[in-house]
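Structural description and commentary
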2 protein chains.
Amino acid sequence: MRKEGLCKKKLISKSPFGDGYELEYNVKDFRRIDEFINQNRGRKVVVIQGLGFVGSAMLTAVARAKNKKRLPLYAVIGVDLAKPSSYWKIGMINDGKLPVKCSDISLYRSFKKSFKSGNIMATADAYAYSIADIVLVSINLDVKKGNNVLRKGKKVFTDRFNLALRGMAKYIKPSCLIIVESTLPPGTCEKVLLPRIKTEFRKRGYKSSEIKLAYSYERVMPGENYLKSVISYYRIFSAINDKSKKEARKFLESIIDTNSYPLTELSDVTAAEIGKVLENSYRATNIAFIQEWTRLAELAGVNLFEVIDGIRKRHTHRNIMFPGFGVGGYCLTKDPILAEWGNKEIFNSNDRLNMTVGAVEINDKMPLHSFALLRKYLKKLNKRKILIMGVSYLNDIADTRFSPSKFFYKICKKRGSYVMFHDPIVTYWPELGVDVNNDLERVRVEKVDAIVLAVRHSEYIHMTVRHFAKLLKPGGFILDANNIIDDRKADSLRAMGFKLIGVGKGHWNKMLKG
Amino acid sequence: MRKEGLCKKKLISKSPFGDGYELEYNVKDFRRIDEFINQNRGRKVVVIQGLGFVGSAMLTAVARAKNKKRLPLYAVIGVDLAKPSSYWKIGMINDGKLPVKCSDISLYRSFKKSFKSGNIMATADAYAYSIADIVLVSINLDVKKGNNVLRKGKKVFTDRFNLALRGMAKYIKPSCLIIVESTLPPGTCEKVLLPRIKTEFRKRGYKSSEIKLAYSYERVMPGENYLKSVISYYRIFSAINDKSKKEARKFLESIIDTNSYPLTELSDVTAAEIGKVLENSYRATNIAFIQEWTRLAELAGVNLFEVIDGIRKRHTHRNIMFPGFGVGGYCLTKDPILAEWGNKEIFNSNDRLNMTVGAVEINDKMPLHSFALLRKYLKKLNKRKILIMGVSYLNDIADTRFSPSKFFYKICKKRGSYVMFHDPIVTYWPELGVDVNNDLERVRVEKVDAIVLAVRHSEYIHMTVRHFAKLLKPGGFILDANNIIDDRKADSLRAMGFKLIGVGKGHWNKMLKG
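Residues numbered from 1 in each chain as written. Chains lettered and ligands numbered in written order. Predicted model: local features only at pLDDT ≥ 70, side-chain atom pairs only at ≥ 80, totals over all residues.

Core analysis: the largest hydrophobic core is formed by 339 residues, its most contacted members being A:I451, A:V452, B:I451 and B:V452. In this structure B:V452 touches B:S370, B:L374, B:I386, B:L387, B:I388, B:M389, B:F408, B:L479 and B:A481, once residues within four positions along its chain are discounted. (Core = buried A, V, L, I, M, F, W, Y, C linked by C-beta atoms within 7 Å. Buried ≥ 20, exposed ≤ 12 C-beta atoms within 10 Å, placed from the backbone. Contact = placed C-beta atoms within 7 Å.)

Turning our eyes to something else, we now look at the environment of A:V391. Residues and elements named next belong to chain A. Tracing the backbone through its elements, the reader meets V391 in the loop between β13 (385-389) and α15 (404-414). A residue is classified by how many C-beta atoms lie within 10 Å of it, and V391, with 27 of them, is buried. Each C-alpha atom of the pair V391 and Y127 lies 41 Å from the other, and the pair is 264 residues apart in sequence. Among residues more than four places away in sequence, those in contact with V391 are T400, S403, S405, F421, D423, V426, W429 and V436. (Helix = DSSP H or I, 4+ residues; strand = E, 2+ residues; numbered from the N terminus.)

So, about the pairing of strand β14 (residues 418-422) of chain A. Residues and elements named next belong to chain A. Pairing between β13 and β14: 5 bridges, direction parallel. From the neighbouring strand, I388 faces β14, where its bridge partner is F421. On the question of chirality, the crossover connecting β13 to the parallel β14 by way of α15 is right-handed. (Pairing = 2+ DSSP bridges. Right-handed = clockwise from strand over helix to strand, strands pointing away.)

Once that is clear, we can look at the sheet that holds strand β9 (residues 177-180) of chain B. Adjacent strands of a sheet form backbone hydrogen bonds with each other and so pair up, either parallel or antiparallel. All names here are of chain B. Pairing in this open sheet of 8 strands is mixed, and the strands run β5-β4-β3-β6-β9-β10-β11-β12 from one edge to the other. Every other strand in the sheet has two partners, leaving β5 (120-123) and β12 (264-265) as the edge strands with one partner each. By the bridge criterion, 4 bridges tie strand β6 (residues 134-137) to β9 in an arrangement that is parallel. Along β9, the bridge assignment pairs I134 with L177. The sheet contacts of helix α3 (residues 53-63) involve β3 (44-49), β4 (74-79), β5 and β6, and relative to β4 the element is tilted by about 165°. Running at roughly 45° to strand β10 (residues 212-217), helix α10 (residues 242-255) makes contact with β6, β9, β10, β11 (236-239) and β12 of the sheet. (Axes fitted to C-alpha atoms, helices over the stretch in contact; angles between N-to-C directions.)

Here the focus is α10(B). All names here are of chain B. Its 14 residues give α10 an end-to-end C-alpha distance of 20 Å, which sits within 8% of 20 Å, the value for a rise of 1.5 Å per residue. Burial in α10 covers these residues: S244, K245, A248, F251 and I255. Viewed end-on, α10 has its buried residues packed into an arc of 135°, placing them on one side of the element. Structural note: α10 exposes D242 and K250 on the side pointing more than 90 degrees away from its buried face. (Expected span 1.5 Å × (residues − 1). Arc of directions from axis to C-beta.)

Turning next to the interface of chain B and chain A. Chain B puts 48 residues into the contact, and the matching count from chain A is 48 residues. Within the residue set of the side of chain B that touches chain A, elements represented by two or more residues are α11 (269-300), α12 (304-311) and α14 (354-378) of chain B. Top contributing element to the side of chain B that touches chain A by residue count: α11(B), with 17 residues. Residues belonging to the side of chain B that touches chain A are distributed by class as follows: 22 nonpolar, 17 polar and 9 charged. (Nonpolar A, V, L, I, M, F, W, Y, C, P; charged D, E, K, R; others polar.)

Given below as structure tokens:
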């Protein structure tokens, strides 16, 4: 990769926000790093490896930690790769800008404040590892499902992850504490990473008993409480030995409000790894479970939302999920597969995590249900104008990763529909490489045959009957896949000649002829 | 069935508590009923159809309802069949005894008090229906899974249920409100019962528009809060028309503390039917989900209880289940199958409730996992003495219906083991037709090779290390299938030479050689 020629070309790493940063493959940043360390003398050096969604939030959370004198505790260095796809993150941080987009103002404020106080920098130079007291690993471990989400044969990219970890282990001081935060197949720390770090340590003449390795997973929630979900929430952690456990606890206590949210220390790192993938598999499975009940409710002419509202009153049933359009985001779509990968490839289990993996398959197909409903009532889709409202994977979040709207968009296009989309907060849809219309006024010029309410954005919940009516051709359809329109509004829309279809709303569908 | 000869024989209906009641097939009770009604003049007559676990509790709850003057609101008549298997319930009630065994003293007290005040009686005479203002249907709808729980081809006994309902519809006044409480396949009320009641009404010259039919499911919890789970808990109900909804609400408000637990009124009876089977299917599925993670945790040497304790701190994950020995009782084992029956047979769906039905299959097999663990570490089971501790299906409950201990008992016997069992509260095991040892002292005379802790009874949790040690041969095994023994006790027992195996306790199992 590191060809001389490429270096001479002066590549540009372009951020999704428009800025471009000149890219050097072989960054030699030690002077800048040493200067930074000099300015932060007396502070422990924390290196954040990986500057994605989680890494950036963690960088901010660590940088804002204070000692008793209200002074910064740590000198924080963000590290990512010198590649066109990632170097812009380093550039942005060094420019005093957070390389993520989210709706949490406190995260931006906190970052700016720390940046001004001088305890944040970023680099692509592995030299940073050699001066780190703590390395926090926030690299993604991706799962490739193939373009067709329904296709089997998932691949887990462990190689890139292991390479990055070994790269770090080559440089760190023997006293450095490694805290892995990435979601991993269970068994990765003990059975894969630890042996590799041991090998590196042995090569460098250190004892493998000196290794300090902990695992602690984040529970970052995108949205308005992004930073809060890191610093004011429950955390689970463990480590390979008592020394590492003690140091990891001390570090976590310095950045998290553990008075209100006490830490949970587990016996071993594998337990902590299982915790992460289990929590997300639990959610994914409960979403998949409701899907078959959605079909039954629709067939029986029943409003499943009403039923589940009633069931949720029981504290033992409060986690039961509602019907919906689909499942997206970075966690629920892949963590169950990571779990099965660990089960099969690391622990060589003869038993499959059938329900867990099956849940992802059901959830991946979920938008097909909305599509089938649309086709059933619209009769033909060819040349029909369809407006998808909501392209993010979650309500009131500008995050489109693995958004079910993408799948839905593609199948409608394939059937010859003219598909438009709108989102109140997503301005750019990187997975499709297109700008997103934020202004419904623009749709009104050409009225559509059908609206698909794909995401439960607040703006959509507050839309009036007249707002919807303006978007539709006479007699047009509204497919509500997320309980956005209540029965009163539905009655009014029906009185105006529009037709309403609902996921999990059998009481609506039975008024229509299939 | 009603052979003359049988009547002459004077059959005895024997209760599980020892009392025998002389049985008449063609009970003519109208004189006694009329007398009862005379004594209860001014009170609405409520007939409870079916005097099982739920019916008996409902009978008590309705009988204790008071008007503003603190006088009983209702005259309550319990009705069951004149068959040897059920007639004893009628006999017991008329003797002033509640025909169920449970640990809720307030239920017995409440029943006794009402019985003394004279507003409770029971009969097998269908004449009772003809004077009822309200009939509360509490008949079981059973599912036959076959003797081998693993065998496919489940049968739902709808015929008996429909027959009982039609029997009632033949006699009731047209103004009578029918409230069905039984757990039913979704669609039963509207698609099966209502047409049959209509037929009966037409035959008798009543308009079918006069029919008042409601559905409201109970959420009775066995144990110390049996009565409270009826009168002080959330209730869902619906009915076929506004008139029935209004009257059903009024009735439910008179027996339930709806100030603290407001009623949930759903749009239609099918929604309410779905609610019941959905809540129990949700629980069943979440139990089945954890089963595959139990295997992974054991393989990985992880204590899954510790992990789940940590996960449960998230309010979004509070309903995640713990590993265990198996699933029993009357609801979780059959309600998912009733759901699929309605889905397939009543609504003719092309889609199966796969996850829901699959959960029951996984749960039915659960005790096999404990059995496999025992066999793995004990090596041979033939001629081994095994003590099953706990034969009920739930902790601190004397209810053995569909208890997983039965299945476990049978497979151990099949392997040639000498199986003993103990339970602190179950005195008689009707499914096996045997008395249950309540005294561990008796076991100590012949020490066992292995203890299987099958139920999380409080008594077992409080047992000391010495208590356990007294039961076992030197070097004997303890299989803890319900997180009854903590790690401290486990260490002590191990120090005494005993071997510990745990379901979901991989950290124990890895200390043993498989």
